[in-house]
Amino acid sequence: MTSFERLKAYAEQKLAQLEASGQRRSLTETAREAGGRAARAGRPVISFCDNDYLSLSHDPRVMQAAAEAALAYGAGSGGSRLITGNHPLNSALEARLADLKGTEGARVFGSGFLANLGTIPALVGKGDTIVMDELAHACMHGGARLSGAEVRLFRHNDVADAARQMRGAGGQVLLLTETVFSMDGDLAPLSELGALAEATGAWLMTDDAHGLGITKQDNPAQIQMGTLSKAVGGYGGYVCGPAPLMDLLTSRARSFVYTTGLPPSVLAAAIAALDIIQAEPERRAKASRHAALFCELMGLPAPESVIVPIIIGPEAEAMRVSAALLERGYLVTAIRPPTVPAGTARLRVTFATGHEEADIRAFAGALKDIMEQACAAIS
Ligand SMILES: *Cc1c(COP(=O)(O)O)cnc(C)c1O
């Protein structure tokens, strides 16, 4: 066999293993439109699973800002921010983010994933300890592993267990959590975790990917990262915190130093979106109303964010409910292990400003119908 043939055989064998364990993933073409609509493999659907919570990705003002910046400044930044990629829109965006978070400074990264991968190893290393919520996002786990620090997990949102994990921890302790958990939509006990950090000399770092623009929690974390690709509607990541830490990241975060700066259009879109988020709080209120209405219609507890998990359990069943929804024109992809713990395959339902109340009512009706049929089939 040639090297090329052996490579193909290797990939095919790995894919067969993934297929057998139900972990093979595949892509479906999806063209998103305004109002929570999309064309999924060509078929019109209403999406209840994207992270564009404030529907800003299709706001004409945001689209216009992106288009104008592309026409004025070019399609790409030409290099790392330390070389040619530091267009002035970067510092304008950083000033907006620091102002919004009430911090001394901010650093914009290529994405939220890159922000976590670069920031965590710039803060702690070998001999130090990371104490993180067991449900923290894959990129926090990735950054933690890259750092070389010892990683200890605490039970989800269990501050007493976090305190237990900190006992006997070596070196500097970095406490990591999300503000709004991506798959469950519940909130972290930030003030308790902040107090724990303060009492023990640990640093608290939070991932606000699903909170920015949506929730209004006080956040005592010294280090606050997040993304511009969810409620902000565009792309990119950021870290907010003390000014010298921002300067340290400029020199030491490898995912900042060795990667290309964001295109001017992306930066301009984020600034326009943040302006709208600050000027139009009713957008957040509308998305939250939709989540609350859905929970009421489904007989679920009131939601803490605009993410509502419908835990189904078996993967095959979650896939079946998702497929039945698609039949009726609703897009809610099933989320399966290893993204979520084994046995908790679910529909992760998200609500947006662009939906209308009638959409929510019709969707809840369809979901109830499908779930009742599923229950009848099992019993
Ligand atoms: C989506 C997400 C990220 C990654 O952000 P990107 O900008 O999409 O790379 C990080 N953390 C959490 C909790 C997320 O949900």
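Now for a quick tour of the structure. Note that this is a predicted model, so its numbers are computed, not measured.

**Focus on the sheet that holds strand 7 (residues 173-178)**
Adjacent strands of a sheet pair through backbone hydrogen bonds, lying either parallel or antiparallel. One open sheet accounts for seven strands, arranged 4-10-9-8-7-5-6; its pairing is mixed. Edge positions in the open sheet fall to strand 4 (105-109) and strand 6 (150-154), since each of these has one partner strand only. If you compare each strand with its neighbour and ignore which way they point, the axes differ by 20° on average. Note that strand 7 and strand 8 (residues 203-207) share five bridges and pair parallel. Paired with Thr 177 across the strands is Thr 206, a residue of strand 8.

**A word on empty space enclosed by the protein**
Counting across every chain of the model gives three cavities of 30 Å³ or more. Of the volumes computed, that of the largest cavity is approximately 90 Å³. Around the largest cavity sit 17 residues that line it, and Arg 32, Gly 36, Asp 50, Asp 52 and Ser 55 are the ones nearest its centre. For the lining of the largest cavity, a count of residues per class yields five nonpolar, eight polar and four charged. Its volume calculated, the second largest cavity comes out at about 60 Å³. Lining the second largest cavity, in full, are Arg 81, Asn 90, Val 108, Phe 109, Gly 110, Ser 255, Phe 256, Thr 259, Thr 260, Gly 261 and Leu 262. Of all the elements in the fold, those that place two or more residues in the lining of the second largest cavity are strand 4 and helix 9 (254-257). A breakdown of the residues in the lining of the second largest cavity according to their chemical character gives four nonpolar, six polar and one charged.

**Re the layout of surface pockets**
In this structure, the largest pocket occupies an estimated 1,500 Å³ of space. Surrounding the largest pocket, 48 residues form its lining, Arg 25, Thr 333, Ala 334, Ile 335 and Thr 339 being those nearest its centre. Here the lining of the largest pocket takes four residues from helix 12 (residues 315-327), the largest share from any one element. As a volume, the second largest pocket reaches approximately 440 Å³. Contributing to the lining of the second largest pocket are 18 residues, with Leu 100, Lys 101, Leu 212, Thr 215 and Lys 216 lying nearest its centre.

**Some remarks on the environment of Gly 365**
Looking at where Gly 365 falls in the secondary structure, it is placed in helix 13 (residues 357-378). With a relative accessible area of 34%, Gly 365 lands in the partly exposed category. In the structure, Gly 365 is positioned 197 residues away from Gly 168 in sequence and 52 Å away in space, judged by C-alpha atoms.

**Re the site of the ligand**
Looking at the ligand, there are 14 residues lining it, with Gly 112, Asp 207, His 210, Thr 227 and Lys 230 nearest. A distance of 2.8 Å separates an oxygen atom of the ligand from a polar backbone atom of Gly 112. Contact distances for the ligand include 2.8 Å between an oxygen atom and a side-chain N or O atom of Ser 229. Look at the ligand: alone it shows 380 Å² of surface, and the protein chains cover 87% of it. Considered class by class, the residues forming the shell around the ligand number three nonpolar, eight polar and three charged.

**Description of the sheet that holds strand 11 (residues 307-313)**
As summarised here, the arrangement of the three strands in space is 11-14-13, forming an open sheet in which the pairing is antiparallel. If you trace the sheet from one side to the other, it starts and ends with strand 11 and strand 13 (334-335), each paired once. Looking at chain direction, strand 13 and strand 14 (residues 345-350) are connected through two bridges and run antiparallel. Bridging across to strand 14, Ile 335 finds its partner in Arg 346.

**Observations regarding the packing of helix 4 (residues 112-123) against helix 5 (residues 138-147)**
Where helix 4 meets helix 5, the axes come as close as 8 Å, and the angle between the chain directions of the two elements is 30°. When the interaxial angle is binned, helix 4 and helix 5 end up roughly parallel. Seen along the crossing, helix 4 lies across helix 5 with a hand that is right-handed. Along the contact surface, helix 4 presents Gly 112, Phe 113, Asn 116, Leu 117, Ile 120 and Pro 121, while helix 5 presents Cys 139, Met 140, Gly 142, Gly 143, Ala 144, Leu 146 and Ser 147. Class assignment of the residues belonging to the contact of helix 4 with helix 5 gives a composition of eight nonpolar, five polar and no charged.

**So, the environment of Glu 104**
Tracing the backbone through its elements, the reader meets Glu 104 in the loop between helix 3 (88-101) and strand 4. In sequence terms Glu 104 and Glu 327 are 223 residues apart; their C-alpha atoms lie 50 Å from each other. If we skip the residues at most four places from it in the chain, Glu 104 touches Ala 98, Gly 241, Pro 242, Ala 243 and Pro 244. In this structure the side chain of Glu 104 is engaged in a polar contact, spanning 2.9 Å, whose partner is the backbone nitrogen of Ala 243.

Parameters and conventions
- In every chain, residue numbers begin from 1 and rise along the written sequence.
- Under the rules for a predicted model, residues below a pLDDT of 70 receive no local features and side-chain atom pairs below 80 are neither given nor counted, while totals for whole chains, interfaces and linings still include all residues.
- For side-chain calculations, the full set of non-hydrogen atoms in the structure is used, while hydrogens and water are omitted.
- For two strands to pair, DSSP has to find at least two bridges joining them.
- Numbered from the N terminus, helices here are DSSP runs of H or I no shorter than four residues, and strands are runs of E no shorter than two.
- Lines fitted to C-alpha atoms define the axes here, with helix axes fitted over just the stretch in contact, and angles between the N-to-C directions of these axes take values from 0 to 180 degrees.
- For each structure, a 1 Å grid was placed over the protein atoms alone; sets of points admitting a 1.4 Å probe that cannot get out are labelled cavities, open sets with protein on both sides within 12 Å along at least five of seven lines are labelled pockets, and lining residues have an atom within 4 Å of a point.
- Grid points are joined across faces, edges and corners, and a volume is the space filled by probe spheres set on the points.
- For this scheme, ten residues count as nonpolar: Ala, Val, Leu, Ile, Met, Phe, Trp, Tyr, Cys and Pro. Four count as charged, namely Asp, Glu, Lys and Arg, and the remainder, Gly too, count as polar.
- Only protein chains enter the area calculation, which uses a 1.4 Å probe; residues under 20% of their type maximum are buried, those over 50% are exposed, and those in between are partly exposed.
- Note on terminology: near, applied to a residue and a molecule or strand, indicates that one of the residue's heavy atoms is within 4 Å of it.
- What qualifies as a polar contact is a pair of N or O atoms within 3.5 Å, subject to a donor-acceptor requirement within protein and to the restriction that residues adjacent in sequence count only when both atoms come from side chains.
- Surface accessibility in these figures is a Shrake-Rupley result with a 1.4 Å probe; residues are shielded only by whichever protein chains are displayed.
- Orientation categories follow fixed angle ranges, with anything under 35 degrees roughly parallel, anything over 145 roughly antiparallel, 65 to 115 roughly perpendicular, and all other angles oblique.
- Each crossing gets its hand from how the near helix is turned against the far one by less than a right angle, where anticlockwise is left-handed and clockwise is right-handed.
- It only takes one pair of heavy atoms within 4.5 Å for two residues to be counted as in contact.

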